[in-house]
Amino acid sequence: MHRILALAIAFSSMALTSAFAHHPLGGDVPQTLLHGFLSGVGHPVIGFDHFAFVVAIGLIAAFHKQRAIMPAGFVLGTMAGTMMTVSAIILPFAELVITASVIIAGVIAMRGKLTSIVPMTMGAAVIGLFHGWAYGAAVVGAEATPIIAYLAGFGLVQMAIALLAGYVAVNMWKATSAASLQPRLAGALMAGVGVAYMVELVEGLVFPAM
């Protein structure tokens, strides 16, 4: 229980930043295929709340035989959410949902129990709508080509982050089950609080226009 509380505090600290996606191009709408792709790659990494959620999804899925299914559901949801933004569809309470999703995903990862993949994948897809809706603000007004490249960029990088998180847990941390991951994850997440603030500091220096 203490570890779960520590996790909630850690993820809350990460989510104190704005839940709406940051823009690696300094706020400019992508005009080319390359700019769209690079912007898509940057968003899940620069937006620490989004990054934390993708990592948590990867950890939750790490001990399933088909560990790519859950992250794929989330990625498809983010793509759909971005298209909702481009289509001027409003999702209410998006910032609140995104922040809550980071905390909840972290708590689920910390429970140390194997989750049911079907409902978790469906839930990840629904949450993905909100994360993707936040991503979509960066390409409102863009042409079709940079939007498609943008979707490809953040789709690929999110899958890579989630699968890498699972790989690290199983092959580098040598966790043999969801339960064995729990104590190591607690320490890593507490360290993540400091990393979150460092990321915000570096963001302000590197991307002053955000």
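Please read all numbers here as calculations on a predicted model, not as lab measurements.

K.L.:
Which parts of the structure should I look at to understand the side chain of Q158?
P.N.:
Along the chain, the position of Q158 falls in helix α7 (residues 144–172). The buried category is assigned to Q158, whose relative accessible area is 1%.

K.L.:
Please clarify how helix α6 (residues 117–136) should be interpreted in this entry.
P.N.:
Three- or four-residue spacings in an α-helix give side chains the same orientation, since the helix completes a turn every 3.6 residues. Across its 20 residues, α6 extends 27 Å between first and last C-alpha, which sits within 8% of the 28 Å expected from 1.5 Å per residue. Within α6, the full set of buried residues consists of M120, T121, A124, I127, G128, F130, H131, G132, W133, A134, Y135 and G136.

K.L.:
I keep staring at the packing of aromatic side chains and nothing clicks. Help me out?
P.N.:
Note on aromatic pairs: each is described by the distance of the centres and the angle between the planes. In this structure the tally under the stated criterion is three aromatic pairs. Geometrically, the ring pair formed by Y135 and F154 is tilted, given 4.9 Å between the ring centres and 50° between the ring planes. With Y135 in helix α6 and F154 in helix α7, the pair connects residues that are 19 residues apart, well separated along the chain. The interplanar angle of 80° and the centroid separation of 5.3 Å between the aromatic rings of Y150 and F154 together place this pair among those described as edge-to-face. Note that Y150 and F154 are positioned in helix α7 at a spacing of four residues, about one turn of the helix.

K.L.:
Would you explain the nonpolar core in this entry?
P.N.:
A general feature of soluble globular proteins is that nonpolar side chains tend to end up buried together. Grouped together as the largest cluster of nonpolar side chains are 22 residues, with contacts concentrated most on F53, I60 and M70. Of all the secondary structure elements, the ones that give two or more residues to this core are α3 (48–61), α4 (69–86), α5 (94–110), α6 and α7. A per-element tally of this core places α3 first, with eight residues. Of all hydrophobic cores here, the second largest spans eight residues; its members include A138, I147, Y150 and L151.

K.L.:
Even after reading the chapter, I still don't get the confidence of the model for the protein, so can you show me in this structure?
P.N.:
Regions with low pLDDT carry predicted coordinates that are not meant to be interpreted in detail. When pLDDT is averaged along the protein, the result is 77; 68% of the residues meet or exceed 70. For the protein, the element scoring lowest by mean pLDDT is helix α1 (residues 2–14), at 47; α4 scores highest, at 96. Note that residues 1–5 has pLDDT below 50 and, in this model, six contacts with residues that lie over four places away or in other chains. Note that pLDDT drops below 50 for residues 7–22; the model gives that stretch 51 contacts with residues more than four away or on any other chain.

Reading the values: the criteria
- Residues numbered from 1 in each chain as written.
- Predicted model: local features only at pLDDT ≥ 70, side-chain atom pairs only at ≥ 80, totals over all residues.
- Heavy atoms only, no water.
- Helix = DSSP H or I, 4+ residues; strand = E, 2+ residues; numbered from the N terminus.
- Buried < 20%, exposed > 50% of the residue type's maximum accessible area, 1.4 Å probe, protein only.
- Expected span 1.5 Å × (residues − 1).
- Phe/Tyr/Trp six-rings, centres within 6.5 Å; stacked < 30°, edge-to-face > 60°.
- Core = buried A, V, L, I, M, F, W, Y, C linked by side-chain atoms within 4.5 Å.
- pLDDT = per-residue confidence, 0-100.
- Contact = heavy atoms within 4.5 Å.

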